[in-house]
Every structure is written in structure tokens, then in C-alpha cells.
Amino acid sequence: MKSISGKKLCKIVEKKGWILKKITGSHHIYVKSDENNILSIPVHRNQDLKSGTLKSIMKIAQLSQDDL
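Calculation notes
Residues numbered from 1 in each chain as written. Predicted model: local features only at pLDDT ≥ 70, side-chain atom pairs only at ≥ 80, totals over all residues. Heavy atoms only, no water. Salt bridge = Lys/Arg side-chain N within 4 Å of Asp/Glu carboxyl O. Helix = DSSP H or I, 4+ residues; strand = E, 2+ residues; numbered from the N terminus. Buried < 20%, exposed > 50% of the residue type's maximum accessible area, 1.4 Å probe, protein only. Pairing = 2+ DSSP bridges.

A. Representation of the pattern of salt bridges in the model. Throughout the structure, instances matching the rule amount to one salt bridge. Of the charged contacts, one joins aspartate 67 and lysine 16 as a salt bridge, the two residues approaching to 3.3 Å between their closest N and O atoms. Of the two residues, aspartate 67 sits in the segment after α2 (51-61) while lysine 16 sits in the loop between α1 (6-15) and β1 (19-24), which places them 51 residues apart along the sequence. Owing to a relative accessible area of 40%, lysine 16 belongs among the partly exposed residues under this scheme.

If you want it as C-alpha cells, here you go:
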């Protein structure tokens, strides 16, 4: 799996229609108007996300490997 930082993932989900609701500490909270899902993306400097965290976020946001 491709490694990606939280900042880059935020830009990708924004292009997919997710809207930044708030920032709590180092976590960016996104919502989508037509769904009841909430997406929390940790943004710690420019560090890459752990693979399990990335897979979980991708599943909720319905992203594929090609989207990265």
C-alpha cells in the first residue's frame, strides 16, 4: 500500500466531496452532506499515516488505491 501523509489525504477527500467541519487539535473532522459518516484524519506535521489508519479512512471515505 502506498504511504501518504495526513495533509495529502485531506486534499484528496476534499476533492471527493467531503467538507471540513472542524479541526480539533491535530485531527481534521470531515462530513459529507448526503451521508451520516464522519471522517477524522490525523495531521501530524508531514508524517505518513500508519497503514491500518489509512485503510480504515479509505474504507469510510470509499476511496480506492487509484485515488491516492
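Here the narrative resumes.
B. Here's a closer look at the pairing of strand β2 (residues 27-31). Both β1 and β2 contribute to a ladder of five bridges, which runs antiparallel. Across the sheet, residue isoleucine 19 finds its bridge partner in β2, namely valine 31. Connecting β1 to the antiparallel partner β2 that follows it, the hairpin turn spans two residues, and glycine 25 within it adopts a positive phi of roughly 65°. Across five bridges, β2 lies against strand β3 (residues 38-42) in antiparallel orientation. Residue pairing across strands places valine 31 opposite isoleucine 38, the latter belonging to β3. With antiparallel pairing between neighbouring strands as the criterion, β2 and β3 make up a hairpin whose turn holds six residues.

C. Structural detail: the environment of serine 33. Along the chain, serine 33 turns up in the loop between β2 and β3. Serine 33 sits in the exposed class, given a relative accessible area of 72%. Residues serine 33 and glycine 17, 16 residues apart in the sequence, show an inter-C-alpha distance of 8.7 Å.

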